[in-house]
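# Architecture at a glance
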Amino acid sequence: KAVVSTQSTGEIQIIKETDEILVVNKPASFPIHTTGRFQYNTLLKTLELRLGYKLYTCHRLDRLTSGIIVLLKNPTKAKQFAALFRDHEVAKAYLALCAGRFPDTLGCSEPIQRVCHKLGICHVNREHGKPAHTDITRLHYDKESNTSLVLCKPKSGRMHQIRVHLAHHGHPIPNDPIYSRENWARKSTTEFSEELSRALFATDDIKIAMETSVKPEPASDEASKENEPTEAVLCGEPISNPDISAELLSTEMIDDVKKTEDSVSSGEQTTPHRVSGDGIKKTSEISLTPSGDFLLGDKIYKPIPQLSREPGCPECETTRLAPHPDDLFIYLHAIRYELAGGVYTSALPPWCKREWVP
């Protein structure tokens, strides 16, 4: 039995259902409950709509992570199961694909501290971090891609624990938008915080050239001031280095206010524009294709059609980009949970080859 989801990387597969419990295999890029910009396209809302009854959570997975989620059909049972997760009485196993050749086995007991509460970014900190332990075993090494499939068994439940521990030992998940940044996970808390602060709150200009056929006219002093580069703003604060900040945030509001020398010399001008979309990691490399799509590296992002447009509305002036399939997941999957006398195992994720698993 399966329930088809939308805007995700697959179906919600039902693993086990009783009068009290519902265990499912969550697709990647599918948030569990209503949060931020996700109001209805969530795991809970989709299941409740299709199944016709209320569900309650007792734990969570990151949006980009796939795998087992345990849901309950009444709030009392949900509190009981939540206590099992809180008291570390759940045996959990995850599959992850990490960079490089990982050691045969490794036990990581590095304490983890949440560096940025607003964005939920964590870091190893031996002085101020909370206790965390992950047992990691290499299952397969792929020479061609120089990646290792590892089995991770976290004994605690810190935010991003597996991702942080893998990155700390120099083997980050390659498509992790945060912790795959070189050496970030191994820096001191002070260095990490300072770099994070520079990434989010210093100023920088952003280049996304969108040319029009309108020839430029001499601008007055007031008009020139209006056309000066503006800062991209996040929560009232200017965002800096877009190459870093866009990797930290799933969605960026990017202001294009820069005119290029080529467009001016050719009698064309660039118009102010905003672009928002998942997976935009290096905004300076974004370009507009003749067909109206956006090109970033070798990926093409298609704009989402607008149903209406109101002059002067900043939302209407923003082009929303549909996410690229490669930006909808990371190589991390909850494969097995054991709790309350039950053992639940999911199918392998699409990125994991069957011959890799012993």
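Let us look at the structure shown here. All values reported here derive from a predicted model rather than from experimental measurement. (Residues numbered from 1 in each chain as written. Predicted model: local features only at pLDDT ≥ 70, side-chain atom pairs only at ≥ 80, totals over all residues. Heavy atoms only, no water.)

### Points about the packing of aromatic side chains
Rules: Two rings from Phe, Tyr or Trp (for Trp, the six-membered ring) form a pair when their centres are within 6.5 Å of each other. A pair whose planes differ by under 30 degrees is stacked, one over 60 is edge-to-face, and the rest are tilted. Any residue under 20% of the maximum accessible area for its type is buried, any over 50% is exposed, and the rest in between are partly exposed; the area is computed with a 1.4 Å probe on protein chains only. In this description a helix means any DSSP run of H or I spanning at least four residues, a strand means any run of E spanning at least two, and both kinds are numbered starting from the N terminus.
Per the counting criterion, the structure on display carries 4 aromatic pairs. Summarising the aromatic geometry, the rings of Phe-329 and Tyr-331 are spaced 5.5 Å apart at their centres and angled 70° between planes, so their arrangement reads as edge-to-face. Take Tyr-331: its relative accessible area is 21%, and that puts it in the partly exposed class. Geometrically, the ring pair formed by Tyr-331 and Trp-351 is edge-to-face, given 5.5 Å between the ring centres and 70° between the ring planes. On the criterion of sequence distance, the pair formed by Tyr-331 in the loop between β21 (318-320) and β22 (332-339) and Trp-351 in the segment after β23 (342-345) is long-range, its members being 20 residues apart.

### Brief notes about the sheet that holds strand β18 (residues 287-288)
Stated formally: If DSSP finds at least two bridges between two strands, the strands pair.
With antiparallel pairing, 3 strands are arranged side by side in an open sheet as β18-β19-β20. The sheet is open, and its two edges are formed by β18 and β20 (299-301), each paired on a single side. Relative to strand β19 (residues 294-296), β18 runs antiparallel, the two sharing 2 bridges. Bridge assignment links Ser-287 to a residue of β19, and that residue is Leu-295.

### Re the side chain of His-324
Let me state the cut-off plainly: In this analysis, two residues are considered to be in contact whenever any of their non-hydrogen atoms come within 4.5 Å of each other.
Mapping His-324 onto the fold places it in the loop between β21 and β22. With sequence-adjacent residues up to four places away left out, His-324 is seen in contact with Lys-299, Ile-300 and Tyr-301.

### Looking at the nonpolar core
As a reminder, the rule being used: We define a nonpolar core as any set of buried Ala, Val, Leu, Ile, Met, Phe, Trp, Tyr and Cys residues linked to one another through side-chain atoms lying within 4.5 Å.
Of all hydrophobic cores here, the largest spans 41 residues; its most connected members are Leu-43, Val-70, Leu-166, Tyr-337 and Leu-339. Among the elements that line this core, the one with the most residues is strand β5 (residues 66-72), at 5 residues. Filtering out sequence-adjacent residues up to four positions away, Leu-339 remains in contact with Val-70, Phe-81, Leu-84, Phe-85, Val-90 and Tyr-344.

### Let's talk about the environment of Leu-149
One can find Leu-149 in strand β11 (residues 147-154). The spatial distance from the C-alpha of Leu-149 to the C-alpha of Leu-95 is 7.0 Å, given a sequence separation of 54 residues. Each residue touching Leu-149, except ones within four places of it in the same chain, is listed here: Leu-95, Ala-96, Leu-97, Thr-137, Arg-138, Leu-139, His-140, Trp-351, Cys-352, Trp-356 and Val-357.

### Quick notes on helix α1 (residues 43-51)
All buried positions along α1 are accounted for by Leu-43, Leu-44, Thr-46, Leu-47 and Glu-48. Looking one or two residues past α1, Gly-52 carries a phi angle of roughly 85°, positive in sign.

### Describing the pattern of salt bridges
A side chain with one charge can pair with a side chain of the opposite charge if their charged atoms come near. Put simply, the test is: Salt bridge, as used here: a side-chain nitrogen of Lys or Arg that lies within 4 Å of a carboxyl oxygen of Asp or Glu.
Counting across every chain of the model gives 12 salt bridges. We note a salt bridge from Asp-62 to Arg-163, for which the minimum N-O separation is 3.1 Å. Of the two residues, Asp-62 sits in the loop between β4 (56-57) and β5 while Arg-163 sits in helix α3 (residues 161-168), which places them 101 residues apart along the sequence. No difference in accessibility class separates Asp-62 from Arg-163, as the two residues are buried. Across the pair Asp-176 and Arg-163 runs a salt bridge, and its minimum N-O distance is 2.7 Å. A residue pair is termed long-range when its members are at least 10 positions apart, and Asp-176 in the loop between α3 and α4 (189-201) and Arg-163 in helix α3 qualify at 13 residues.

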